Amino acid sequence: MRLAIINDTHFGTRGDSLLFLANQEKFFREIFFPKIDELQIRVIFDLGDTFDRRKFVNFMTLSKVKEFFFSQIAKRGIEYHAIVGNHSTYFKNTNDVNSMDLLLAEYPNFHIYNKDPVELKFGSTSFMLSPWITKENEEVSKRAFRDTKADVLAGHFEFTGFEMMKGTLCDHGLDRVEFSKFADVWSGHFHHPSKYGNIEYLGAPYEMTWTDFNGTRGFHVFDTESRNLQRIINDNRMFHKIHYDDFNLKIEEINDLDASVLKDTYIKVIVNVKNNPYLFDLFINKLQSADPADLK
C-alpha cells in the first residue's frame, strides 16, 4: 500500500498572510489531493508544525484550512496520523496544550500524537511516530527509540550537523549515530530537504521565506512493500530572482515577456548590465504590470 507524508505546512505563516494562504491552497487543490486521488491513498502522516502560531489561531486561516485541507481528508475517509511539532505546542517543556488537539477534535479519522512515541503498521512496514521532544517526554521517547523494532522512525527532530537552512548547520540536538538501527528516519522541522545516511529531512511543501528560494518542494509518497520513498514536486514559486542584462536586449523581447506567473509573488531583480535606462524602465514596468506582492 501507499501512504502520503506531509510536514511543516505552517498554516497561518507570515502573520496569516492571505497571499501565502492562497499559495498553500493552490498546492493542496492542484497537486496534493489530485495525486492522493490518483494513487488512491488512504493514510496520511503529518510530521508536525501543521499550524504556524504556537499561542493563538486566526479564524480566517482556520476556516480556509479546514475547507481545503482537513475537510478534504475527512470526506475521503482517509486516516490522518499527525504528531505535534514545536510550532504546535503552547509551552516549551510539555506538549499538553497544543493546537492540534484543540482545533481538530471534530474529525473522527484523525489521530493526534502529542506525548509518547507510538507504533503503527501499514502493509509490511512498521513505523514509530514521535512527537516533538520536550523535557517531559525526552526520557520515555529515547527509551522507546532504543526498544522498538520499527522499520521507520518518523518525527519532528533536531539532528546535529544537518542544514537548518541552506549553509547553516544545526550545532545541537540528537546524535544521528544513535539512530542507525532504523532503515529510515524521516523528519520535519528543518525546511531545507537533506539526507545523510538513513536520516532524511523531507523539507517543507512550499516556499515561505527567501531562505526557501530555489529549493526542492513538495510532499512524499511511500510504498510499504517496495520501501520506495517518492517526492512529488511542487513547482509553484513564491520567490523569484531575475537577472537583468540589456547588452543584447530588444524592446520586442520585453513586450513578448509573459509575466503572469509573477502575480502575488516576491521578486528581486539583479542588475548585471544596464546601459539603456529606457529599456530598464520598460522591463520593470512589465514586471510591475503582473501585480507582484513585492519588487526590489
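Predicted model, so just to flag it, every value in this text is computed and none were measured. (Residues numbered from 1 in each chain as written. Predicted model: local features only at pLDDT ≥ 70, side-chain atom pairs only at ≥ 80, totals over all residues. Heavy atoms only, no water.)

## Side note on the pairing of strand β3 (residues 79–83)
Reasoning step 1: Summarising burial for β3: four of the five residues are buried, a large majority.
Reasoning step 2: As judged from the four bridges shared by strand β2 (residues 43–46) and β3, these two strands associate in the parallel manner. Looking across to β3, one finds that Ile-44 is bridged to Tyr-80.
Reasoning step 3: With four bridges joining them, β3 and strand β4 (residues 110–113) adopt parallel strand pairing. Note that in β4 the partner of His-81 across the bridge is His-111. (Buried < 20%, exposed > 50% of the residue type's maximum accessible area, 1.4 Å probe, protein only. Helix = DSSP H or I, 4+ residues; strand = E, 2+ residues; numbered from the N terminus. Pairing = 2+ DSSP bridges.)

## Let's talk about the nonpolar core
Reasoning step 1: Of all hydrophobic cores here, the largest spans 35 residues; its most connected members are Phe-11, Phe-28, Phe-32, Phe-69, Phe-70, Tyr-80 and Phe-219.
Reasoning step 2: Elements supplying a minimum of two residues to this core: β1 (2–6), α2 (18–39), α3 (59–75), β3, α4 (99–103) and β13 (218–223).
Reasoning step 3: At eight residues, α2 tops the list of elements feeding residues into this core.
Reasoning step 4: Ignoring sequence-local partners within four residues, the contact set of Phe-219 consists of Ala-4, Ile-5, Ile-6, Phe-27, Ile-31, Phe-32, Lys-35, Gln-230, Arg-231 and Ile-232. (Core = buried A, V, L, I, M, F, W, Y, C linked by side-chain atoms within 4.5 Å. Contact = heavy atoms within 4.5 Å.)

## Quick look at the environment of Leu-174
Reasoning step 1: Mapped onto the fold, Leu-174 is located in the loop between β9 (168–169) and β10 (184–187).
Reasoning step 2: In this structure the C-alpha to C-alpha distance between Leu-174 and Gly-161, which are 13 residues apart in sequence, comes to 9.3 Å.
Reasoning step 3: If we skip the residues at most four places from it in the chain, Leu-174 touches Ile-133, Lys-142, Phe-157, Glu-158, Phe-159, Thr-160 and Phe-179.

## Regarding the sheet that holds strand β17 (residues 294–295)
Reasoning step 1: Reading across the sheet, the three strands line up as β15-β16-β17 and stay open at both edges, with parallel pairing between neighbours. Strand pairing shows two members of the sheet lacking a second neighbour, β15 (239–245) and β17, which therefore form its edges.
Reasoning step 2: The sheet contact formed by strand β16 (residues 266–273) and β17 spans two bridges and is parallel. Residue Ile-267 lies in a different strand from β17, and its bridge partner there is Leu-295.
Reasoning step 3: On the sheet, helix α7 (residues 277–288) packs against β15, β16 and β17 and is oriented at approximately 160° with respect to β15. (Axes fitted to C-alpha atoms, helices over the stretch in contact; angles between N-to-C directions.)

## Focus: unusual backbone geometry
Reasoning step 1: Even without being a glycine, Asp-49 presents a positive backbone phi close to 55°.
Reasoning step 2: Relative to the assigned elements, Asp-49 resides in the loop between β2 and α3.
Reasoning step 3: Residue Asp-49 is classed as buried on the basis of its relative accessible area of 1%.
Reasoning step 4: Although it is not a glycine, His-189 sits at a positive phi angle of roughly 100°.
Reasoning step 5: By secondary structure assignment, the location of His-189 is in the loop between β10 and β11 (194–196).
Reasoning step 6: Under the relative-accessibility criterion, His-189 is labelled buried at 13%.

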